[in-house]
Amino acid sequence: MTATEVRTGTGTRTMTMVAAINDALAVALERDAKVCLFGEDVGVMGGVFRATDGLQARFGRERVFDTPLAEAGIVGMGIGMGLAGMRPVAEIQFAGFLYPALDQILSHLGRYRHRTRGRFSVPMVIRAPYGGGVHTPEQHADSPEAVLAHVPGVKVVIPSSPTDAKGLLLAAIEDPDPVFFFESIKLYRSTKEEVPEGHYTVPLGKARLVREGDDVTVVCYGGMVEVCTKAADAARAHGIGVEVVDLRTLVPMDTETVLASVRKTGRVVIVTEAPRTGGFHNEIAALVAERALDSLLAPVVRVTGFDAPYPPFTSVEDTYRPNATRVAKAIKQVLDY
Amino acid sequence: MTEPQEQDMLTIIDASGGCVRPDLVPDEETLARLYRAMRRARHFDERAVVLHRQGRMGVYPPFGGMEASQAGTALALTHDDWLLPTYRDTGAALTYGLPISQIVLYWRTSPHGWAMPEGLKVLPFYIPIATQYPHAVGCALAERMQGRRNVAMAYIGDGGSSEGDFHEALNFAGALDAPCVFVLQNNGWAISVPTTAQTRAVNLSRRAEGYGIPGVRVDGNDIVAVHHVTREAVERARAGGGPTLIETVTYRVKPHTVSDDPGRYRTEDLTREWLEKDPVTRLRTYLTTRGLWDDAREDALTRDITQEFEAAVEEADRFSEPTPSEIVDHVFATPTPQLTEQRAQLLEEYGA
């Protein structure tokens, strides 16, 4: 348990997102003997962000353990554990360090159920901190979610609040199929809220309306939800109703919530900190074009990172990563069309 | 065979069928079991090539000449242990117990061949090279975590031992004390690239030293020796002694697959030399010389395995072809709305 947590009475506790993730892992380990955690520095040290803090001491070295430093090995070994009856939860230290494991992910992780016609499956969760906003060193701030969302057979979850993080992570661990769980580094400790104690799940594939409004729909997820909510609240002060849709899961995507909102507002802005070309936001744009074109009052506008590697240059990092000002401009653009 | 390749290699029955280590020869029943397994595997391999020519099986990678290496290792497992074969290890899979009809259907690219039998702990043939090695570590650790003393055995070739997954898995297995047996079948060729161009290393079993685990080198065409060292490795793993790397020194006398033409990259002089060391002939000579085998027994065995194979092919023939909508089945336990929509689209377009 981290020092940031305060017990506030029965039923809930004030938690940061990283504390809520730690709590979800503890609940999962407590409830199911088949759950095990592993990765680089997750054992004694409790992970570089302390997401697994105290769990080895509490649940033992057989269930929470450090692995050699090799991501393909971590994911590959986890696949084998999942095939043989365990519920492995692997931590990849940063999403940008996931790439050595792509062979295992593309060739096996999402394919096993299909290639054995349901005989074998891999109920594995791969957690990884992702995204920018905290001035990390080079290659520590990537947002590779679109790469994973493109792989058949794997789910992709990206929480934006402590309560969601805990409930979605428990749902991911209990899911019979592989799930990527990307955790925004920026959100790990930036906010606290009351989080239910004990076990609960937030279902995968259900978006959340963070703000309701009639004029513009803003679709976002993970680290961008905070940014978009700020822009929506600023617009509200000027009498503009912005509906903020937090996707929560990219795969499966809650298309109905997105479409219902777009049909109501007729204007849509899609926000991500990932590079622009080929990103998951384009899937949302395609969905709107295919299914809600008649409702549109303005062209779809995307607010994204750039088609350049995430810049580790502190002074311009906040220019690459969308902020509330850029989102506000996009909202104005669809309103002024 | 050049001299360095024979370094530190255990042989029990030599190429002429003579015994060089009488102290390590098992009982007659075991010898008969080993011989039968090799003959059964060879029958499959020979018939599979014919089925392919008849258009009744797809692309197939033959393993003929490697029967000792595959059957000798697989026979060291029980059905509580895991087997992770590559695409060339049909001989290991069928020896372990994967039904022949299933294997035929697999190489016919039928989904019925992909639907692995419930309860059988054999994973489907691995196509991406070396990726099965880390899985074996996971399977082995999962067995231990669930309180069972079962092991995982994974196969690879000399080419596969160049992949990172091979090295990561050996290191993981050592560091985490995983009950694994890693079988490296050094058959001299990775499609067209000879082992001598693959690596400067001559004795591949010595790669184990880099990971602090035992490495064993064995005559891969001597099933008695292969079985002996594999049983030792399995017993060690089962007893908590950790993983072992076994290099079986053999040769790919066949083409890479039925659509490969080895004439483009090798002369067959060496192949002829290796045919002289044939694993099936070798053990049969040994058994016959000692009065443990004769033509009558050979004929009876041939009848048995021919009948078994033909019945399996008939069974495979009874399975229907997949329908278009099956493409999107079994992606997730519960289909996503997107897959449900795509399935409906397939049904609408193709009616099945």
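Worth saying up front: this structure is predicted, and the values here are computed from it rather than measured.

Undergrad: Sorry, what's going on with the overall build of chain B here?
TA: Of the regular secondary structure elements, chain B holds 13 helices and 7 strands. Its C-alpha atoms give chain B a radius of gyration of 21 Å, near enough to 20 Å, the size a compact globule of 352 residues would have. Taken along its principal axes, the extent of the C-alpha atoms in chain B is 70 × 50 × 45 Å. Counting the 352 residues in chain B, one finds 54% classified as buried. Restricting the contact set of chain B to residue pairs at least 6 apart, pairs at least 24 apart contribute 73%.

Undergrad: Where do I start with the overall build of chain A in this structure?
TA: For chain A, the helix and strand inventory stands at 12 helices and 15 strands. Relative to its length of 337 residues, chain A is compact, with a C-alpha radius of gyration of 20 Å against a globular reference of 20 Å. Its C-alpha atoms put chain A at 60 × 50 × 40 Å along the principal axes. Across chain A, every contact between residues at least 6 apart in sequence was considered, and the portion connecting residues at least 24 apart equals 80%. Element-wise, carbon and sulfur atoms account for 54% of the exposed surface of chain A, whose accessible area totals about 12100 Å².

Undergrad: What is the right way to look at helix H10 (residues 281–291) of chain A in this model?
TA: Residues that lie three or four places apart on an α-helix share one face, since the helix turns once every 3.6 residues. Residues and elements named next belong to chain A. Restricting attention to buried positions, one finds in H10 the residues His281, Ile284, Ala285, Leu287 and Val288. The buried residues of H10 all sit within an arc of 155° when viewed along its axis, so they share a single face. Contacts from the buried residues of H10 go to strand S11 (216–220), helix H9 (255–265), strand S14 (268–271) and strand S15 (301–303).

Undergrad: So what exactly am I meant to see when it comes to the nonpolar core here?
TA: Looking at soluble globular proteins, one finds that nonpolar side chains tend to be buried together. Of all hydrophobic cores here, the largest spans 154 residues; its most connected members are Phe44, Val137 and Leu283 of chain B. Here this core gets 10 residues from one element, more than from any other, and that element is helix H1 (residues 28–53) of chain B. When near neighbours in sequence (up to four residues on either side) are disregarded, Phe44 of chain B contacts Tyr60, Phe63, Thr90, Leu94, Ile100, Ile103, Val104 and Phe309 of chain B. Counting 39 residues, the second largest nonpolar core, distinct from the first, contains Val64, Leu168, Ala172 and Ile185 of chain A.

Undergrad: Any chance you could explain the side chain of Arg113 of chain A here in plain terms?
TA: For Arg113 of chain A, the location among the structural elements is in helix H5 (residues 112–115). Polar contacts involving the side chain of Arg113 of chain A include one to the main-chain carbonyl oxygen of Pro176 of chain A, which spans 3.3 Å. Once residues lying within four places of it in the same chain are set aside, the contact partners of Arg113 of chain A are Gly118, Phe120, Ser121, Pro176 and Asp177 of chain A together with His330, Val331, Phe332 and Ala333 of chain B.

Undergrad: Explain the sheet that holds strand S13 (residues 249–251) of chain A here, please?
TA: Residues and elements named next belong to chain A. Taking strand neighbours across the sheet as the criterion, the 7 strands line up as S4-S3-S5-S6-S8-S7-S13 in an open arrangement whose pairing is mixed. Every other strand in the sheet has two partners, leaving strand S4 (64–66) and S13 as the edge strands with one partner each. The average angle at which neighbouring strand axes cross in this sheet is 20°, direction not considered. Relative to strand S8 (residues 179–184), helix H7 (residues 162–174) is tilted by about 160°, and along the sheet it contacts strand S3 (35–39), strand S5 (87–91), strand S6 (125–130), strand S7 (155–157), S8 and S13.

Undergrad: In this structure, what is going on with the sheet that holds strand S3 (residues 180–186) of chain B? I would like to understand it.
TA: Strand pairing in a sheet takes place through backbone hydrogen bonds and is either antiparallel or parallel in direction. All names here are of chain B. Overall, parallel pairing links the 5 strands, which are arranged S1-S2-S3-S7-S6 in an open sheet. Each edge of the sheet is formed by a strand with only one pairing partner; in this case those strands are strand S1 (82–84) and strand S6 (215–219). Here the strands of the sheet are splayed against their neighbours by 20° on average, with no regard to which way each runs. Packing of helix H7 (residues 164–176) onto the sheet brings it into contact with strand S2 (152–157), S3 and strand S7 (244–249), and relative to S3 it is tilted by some 150°.

Undergrad: I would appreciate a short explanation of the packing of aromatic side chains in the present structure.
TA: The description of an aromatic ring pair rests on the distance of the ring centres and on the angle between the ring planes. All names here are of chain B. Counted by the stated rule, this structure contains 22 aromatic pairs over all chains. For the ring pair Tyr60 and Trp107, a centre distance of 5.8 Å and an interplane angle of 90° mean the geometry is edge-to-face. Remark: Trp107 occurs in helix H4 (residues 100–107) and Tyr60 occurs in the loop between H1 and helix H2 (67–74); sequence separation between them is 47 residues. Judged by its relative accessible area of 8%, Trp107 is buried.

Undergrad: What is the right way to look at the domain arrangement of chain B in this model?
TA: How big an interface is tends to be stated in terms of accessible area lost as the parts join. Taken domain by domain, chain B comprises domain 1 (3–321) and domain 2 (322–352). For domain 1 of chain B and domain 2 of chain B, the distance between their C-alpha centres works out to 37 Å.

Undergrad: What is the right way to look at the domain arrangement of chain A in this model?
TA: Residues and elements named next belong to chain A. Segmenting chain A into domains produces domain 1 (9–196) and domain 2 (208–336). Distance between the C-alpha centres of domain 1 and domain 2: 26 Å. On the side of domain 2, 24 residues touch domain 1, which itself brings 30 residues to the contact. For domain 1, the biggest contributors to the area lost against domain 2 are His135, Ile158 and Ser160; these three give 23% of the whole. Remark: the boundary between domain 1 and domain 2 carries 3 salt bridges. Asp164 is paired through a salt bridge with Arg248; the nearest N and O atoms lie 2.8 Å apart. Elements with a minimum of two residues in the side of domain 1 that touches domain 2: helix H6 (145–149), S7 and H7.

Undergrad: Which parts of the structure should I look at to understand unusual backbone geometry?
TA: Negative phi values dominate among residues other than glycine, just as trans dominates among peptide bonds. In this structure, Pro252 of chain A follows Val251 of chain A across a cis peptide bond, with omega equal to -5°. Mapped onto the fold, Pro252 of chain A is located in the loop between S13 and H9. Although it is not a glycine, Asp41 of chain A adopts a positive phi angle of roughly 65°. In this structure, Asp41 of chain A sits in the loop between S3 and helix H2 (55–59). Residue Asp41 of chain A is classed as partly exposed on the basis of its relative accessible area of 33%. With a phi close to 55°, Thr109 of chain B is a non-glycine residue in the positive phi region. Among the structural elements, Thr109 of chain B can be located in the loop between H4 and helix H5 (111–114). Among the residues examined, Thr109 of chain B registers a relative accessible area of 60% and is labelled exposed.

Undergrad: Would you mind showing me how to read the interface of chain B and chain A here?
TA: Opposite the 45 residues of chain B that make contact, chain A presents 45 residues. Counting the surface lost from both chain B and chain A, the interface buries some 3600 Å², and carbon and sulfur atoms represent 63% of this. Contact with chain A buries surface across chain B, with Met145, Phe172 and His330 of chain B losing the most and accounting together for 18% of the total. Arg144 of chain B is the salt-bridge partner of Glu62 of chain A, the closest N and O atoms lying 3.2 Å from each other. Residue assignment for the side of chain B that touches chain A shows that the elements contributing at least two residues are H5, helix H6 (132–145), H7 and helix H13 (337–350) of chain B. The dominant element in the side of chain B that touches chain A, judged by the number of residues it contributes, is H6 of chain B, at 9 residues. Considering only residue class, the side of chain B that touches chain A consists of 28 nonpolar, 9 polar and 8 charged.

Undergrad: Help me understand the side chain of Arg42 of chain B in this model?
TA: Residues and elements named next belong to chain B. Here Arg42 shows up in helix H1. For Arg42, a relative accessible area of 17% corresponds to the buried category. Those residues in contact with Arg42 that lie beyond four places of it in its chain are Gly65, Glu67, Asp278, Pro279 and Val280.

Undergrad: What am I meant to see in the environment of Ala171 of chain A here?
TA: Residues and elements named next belong to chain A. Relative to the elements of secondary structure, Ala171 occurs in helix H7. The spatial distance from the C-alpha of Ala171 to the C-alpha of Ala28 is 9.8 Å, given a sequence separation of 143 residues. Residue contacts for Ala171: discarding those within four places in its chain leaves Thr201, Val202 and Leu204.

Parameters and conventions
Residue indices follow the written sequence of each chain, beginning from 1 at its first position. To read the labels, note that chains go from A and ligands from 1, taken in the order they are written. Residue-level local features of this predicted model are given only where pLDDT is at least 70; pairs of side-chain atoms are given and counted only at 80 or more, and the full residue set underlies all totals for whole chains, interfaces and linings. The basis for every side-chain value is the complete set of non-hydrogen atoms in the structure, without hydrogens or water. For helices the rule is a DSSP run of H or I covering at least 4 residues; for strands it is a run of E covering at least 2, with both sets numbered from the N terminus onward. When we talk radius of gyration, it's over C-alpha atoms, and the globule rule is simply 2.2 Å times the number of residues to the 0.38. Exposure classes here rest on a 1.4 Å probe applied to the protein chains alone. A residue is buried below 20% of its type maximum, exposed above 50%, and partly exposed in between. The contact definition used throughout considers only heavy atoms, calling two residues in contact when any of these lie within 4.5 Å. Where accessible areas are quoted, they stem from the Shrake-Rupley method and a 1.4 Å probe; at the residue level, only the protein chains shown are allowed to cover. As used here, the arc belongs to the directions running from the helix axis to the C-beta atoms. Residues grouped as a nonpolar core are buried Ala, Val, Leu, Ile, Met, Phe, Trp, Tyr and Cys residues, joined through side-chain atoms within 4.5 Å. Between N or O atoms, a polar contact is any pair within 3.5 Å; within protein, one atom must be a potential hydrogen donor and the other a potential acceptor, and residues adjacent in sequence are included only when both atoms are from side chains. Strand pairing requires that DSSP identify at least two bridges connecting the strands. Inter-axis angles, ranging from 0 to 180 degrees, are taken between N-to-C directions of lines fitted to C-alpha atoms, where helices are fitted over the stretch in contact. Ring pairs shown here join Phe, Tyr and Trp side chains whose ring centres sit within 6.5 Å, with only the six-membered ring taken for Trp; geometry is labelled stacked below 30 degrees between planes, edge-to-face above 60, and tilted in between. All the domain ranges listed were derived from an automatic or database domain assignment. Buried area, as used here, totals the accessible surface that two parts lose on assembly, with accessibility defined by a 1.4 Å probe and the loss added over both. Salt bridge, as used here: a side-chain nitrogen of Lys or Arg that lies within 4 Å of a carboxyl oxygen of Asp or Glu. Under the scheme applied here, ten amino acids are nonpolar (Ala, Val, Leu, Ile, Met, Phe, Trp, Tyr, Cys and Pro), four are charged (Asp, Glu, Lys and Arg), and all others, including Gly, are polar.

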